[in-house]
Amino acid sequence: MSHLSEKILKYLSENDTVNTLTLAKLFNEDHQKIIGALKSIQANGDLVTADQKAEKAIEVTDEGKHISENGSHEATIYKAVPDSGIAQADLMKLPNAKVGFSKAMSAGWITLDKTCTPPLVRRKVPEITDIVQDHLKQVILGDSSKISDKEKQDYKKRKLIQEVVIKSFDLKKGPEFSLSLTKLETDLTTEMLNSGSWKNLKFKEYNFDALGVPPECGYLHPLLKVRSEFRQIFLEMGFCEMPTNNYIENSFWNFDALFQPQQHPARDAHDTFFISDPKTSNKFPMDYLERVKRVHSKGGYGSQGYGYDWKIEEAQKNLLRTHTTAVSARMLYKVAQQKEFRPIKLFSIDKVFRNETLDATHLAEFHQVEGVIADFNLNLGDLIGVFAEFFRKLGITQLDFKPAYNPYTEPSMEIFCFHPGLKKWIEIGNSGIFRPEMLLPMGLPEDVCVIAWGLSLERPTMIKYGFNNIRDLVGPKVDLEMVQKSPICRLSK
Ligand code: PHE
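For the structure given in this document, a descriptive report is provided here. (Residues numbered from 1 in each chain as written. Predicted model: local features only at pLDDT ≥ 70, side-chain atom pairs only at ≥ 80, totals over all residues. Heavy atoms only, no water.)

**Concerning the overall build of the protein chain**
Argument step 1. Within the protein chain one finds 19 helices and 15 strands.
Argument step 2. On C-alpha atoms alone, the protein chain measures out to a radius of gyration of 42 Å, which is more than a quarter above the 23 Å that the 2.2 N^0.38 rule sets for 493 residues.
Argument step 3. Taken along its principal axes, the extent of the C-alpha atoms in the protein chain is 115 × 95 × 40 Å.
Argument step 4. Burial status across the protein chain gives 41% buried among its 493 residues.
Argument step 5. Residue pairs at least 24 apart in sequence account for 70% of intrachain contacts in the protein chain once pairs closer than 6 positions are excluded.
Argument step 6. Summed over all atoms, the accessible surface of the protein chain reaches about 28300 Å², with 52% contributed by carbon and sulfur.
Argument step 7. Of the side chains in the protein chain, 64 bear a positive and 65 a negative charge, and the two mean positions are spaced by 3 Å. (Helix = DSSP H or I, 4+ residues; strand = E, 2+ residues; numbered from the N terminus. Rg over C-alpha atoms; globule rule 2.2 N^0.38 Å. Buried < 20%, exposed > 50% of the residue type's maximum accessible area, 1.4 Å probe, protein only. Contact = heavy atoms within 4.5 Å. Areas by Shrake-Rupley, 256 points an atom, 1.4 Å probe, with all protein chains shown as cover. Lys, Arg positive; Asp, Glu negative; His and termini not counted. Charge placed at Lys NZ, Arg CZ, Asp CG, Glu CD.)

Below, the structure written as C-alpha cells:
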C-alpha cells in the first residue's frame, strides 16, 4: 500500500477539501505521483470524490529558462558596452544581438553615437535592472502575480513563456471514506470459491486503458519476400510450380539425364558435394536409363553422342543437387510418360548447392529461380519473347544476350540486364533450348521443344535491398533486426 495514498487520506480526514496541486506542493512531490496515488485510492472504492479542474497556467520556454539563468538579451548587450563605447558592428557579433540591441535601445539603456566613424554604441544610463530575468525567475517559482498582463503578452510574443493547461483534481471525502486501503485481489482462486471468502474480498477492477502487450511474431527473410514476388509473376504468366522438396539427388537426374558427360569437370568433387551415406541410388526407370546410356556412349536421334564408356556407377552417386534443372528433368520425364503430350509451363524456386570458394557474392548454397516451357515448335524468338515479358514484370526492360554453352541446351544464352543504379550490364541468368539428346530419350514427341532459363534469387535480392556482401543476407553474421525491419518486396512493374 502506497505511503503517499495514506498521506492523502490522512490529510483529507483533517481537511474538508484539497486540490492535488496543493498536495504536490505540501508533500513536495511531483504532481503526477499524487495523481498516481489518487488512482490507487480510487481503485479501492469510493473513498474520495475527485472533481477534475483544468487551469490555465504559464511556464517558461527553453529560451526563457536560458534568460532566467543568464540574463535577458538586452542586458547582455548593455553589459557588453564598455565605458569608452563599442563599434556597432562588433556588438552585433554577439548571440541574439539583434533583439538585444533593439530592446536595449527602446529601453533607453544605450545610444548610438553617429558622429563617430564607425558609429559607436555607448551606455546611456549608469546601471540597469533586468526585469525580464526577474520576471522569468518568478514564473519558474510558480508566482506570476507581479507580472502585468501587458508584460505577459510581450513575453509570450517573444516566446519566453507559453500558456499551458494544468489538470488537477479537487478532492473530498467520499461515501466509503477510510484511512487505509485494503489490498485488492487480482485473482479469483479455487480456495476463495470453496471457502466462500470471495464474498468479503475486494477485487481489483480490470484496467482497460492499460497498454497492450505487443504480440510476438515471426518475420520473413528478404529472400522469402523476393521469392513470393517471383512466384507471383510466374503464376500470373500461367506457370505451375514444380515439387522441389529433395535437396538430395543422384547424378543420373542431376547430370546424365541432362546429357552432361560423366567426365565433365562439374561432376568433380571440387564442384559438387557428394553424399557419403547413402552413397548411391539404385532405383531408376531402367528403359529410360538404357536410352540415356546409349545417347551418351553411342549417340542416336541424329546425334553422334560423346562416344565414351558410360557407367551406371557414376550415375548412381548421390549428391546435393547443383541446380534445379535436375527437378525440371524429372518433371519433363513425367510429362513424356503421359499418353498424349500437352504443352506445359513450369517453374521452381529453391535451394541448390555447389562446392564454391566463398566470397562476397558466392555461397555454397543459394536459390535458383527456374522457368521451363514445353510446347510444339518453340524457337529462340519465343525464348526472347518470354524473357521480355518475365523481366518486364520484374521491372527490367533493358535485356541483352550472349551466346553460351551448357551440355543440355543448344543454343544457350547468358542473360544480361542493364542496372541503372550501377550503370552497367550485369549477368542475371542462363538459358537455352533443351537438346534433343536430353528430350528424345525421355520419350517426348520430336516436334516438342522445351525452352528454359535459370537465375539466382540472391542476386536480385541483394540489388533490391542494397546488400554488397551476401554474408549480410545469409549466414551466421545476419543481423536479425535487418530481417525484422526489411520492408515487403514490391518489384516495380
Ligand atoms: N541450370 C543452369 C544453371 O545452373 C540454368 C539453366 C536452366 C540454363 C535452364 C539453361 C536452362 O546455371
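Having seen it, we continue.
**A look at the pairing of strand 6 (residues 161–173)**
Argument step 1. Strand direction decides the pairing type here: strand 1 (residues 17–19) and strand 6, joined by three bridges, are antiparallel. For Asn19, the partnering residue across the bridge sits in strand 6 and is Asp170.
Argument step 2. As judged from the 13 bridges shared by strand 2 (residues 48–60) and strand 6, these two strands associate in the antiparallel manner. Across the sheet, residue Lys53 finds its bridge partner in strand 6, namely Ser168. (Pairing = 2+ DSSP bridges.)

**Observations regarding the site of the ligand**
Argument step 1. Inspection of the region around the ligand gives 14 residues, with His323, Thr325, Arg354, Gln368 and Tyr408 positioned closest.
Argument step 2. His323 is positioned such that a nitrogen or oxygen atom in its side chain is 3.2 Å from a nitrogen atom of the ligand.
Argument step 3. One of the side-chain nitrogen or oxygen atoms of Tyr408 is found 2.9 Å away from a nitrogen atom of the ligand.
Argument step 4. Burial of the ligand by the protein chains amounts to 91% of its free accessible area of 320 Å².
Argument step 5. In this structure, the ligand is accommodated by the largest pocket.
Argument step 6. Listing elements by their share of the shell around the ligand, those giving two or more residues are strand 11 (365–376), strand 14 (424–434) and strand 15 (448–456).
Argument step 7. Among the residues forming the shell around the ligand, the class breakdown is three nonpolar, nine polar and two charged. (Near = heavy atom within 4 Å. Polar contact = N/O pair within 3.5 Å; in protein donor to acceptor, adjacent residues only side chain to side chain. 1 Å grid on protein atoms, 1.4 Å probe; cavity = no way out; pocket = protein on both sides within 12 Å on 5 of 7 lines; lining within 4 Å. Sits in = over half its atoms within 2 Å of the grid points. Nonpolar A, V, L, I, M, F, W, Y, C, P; charged D, E, K, R; others polar.)

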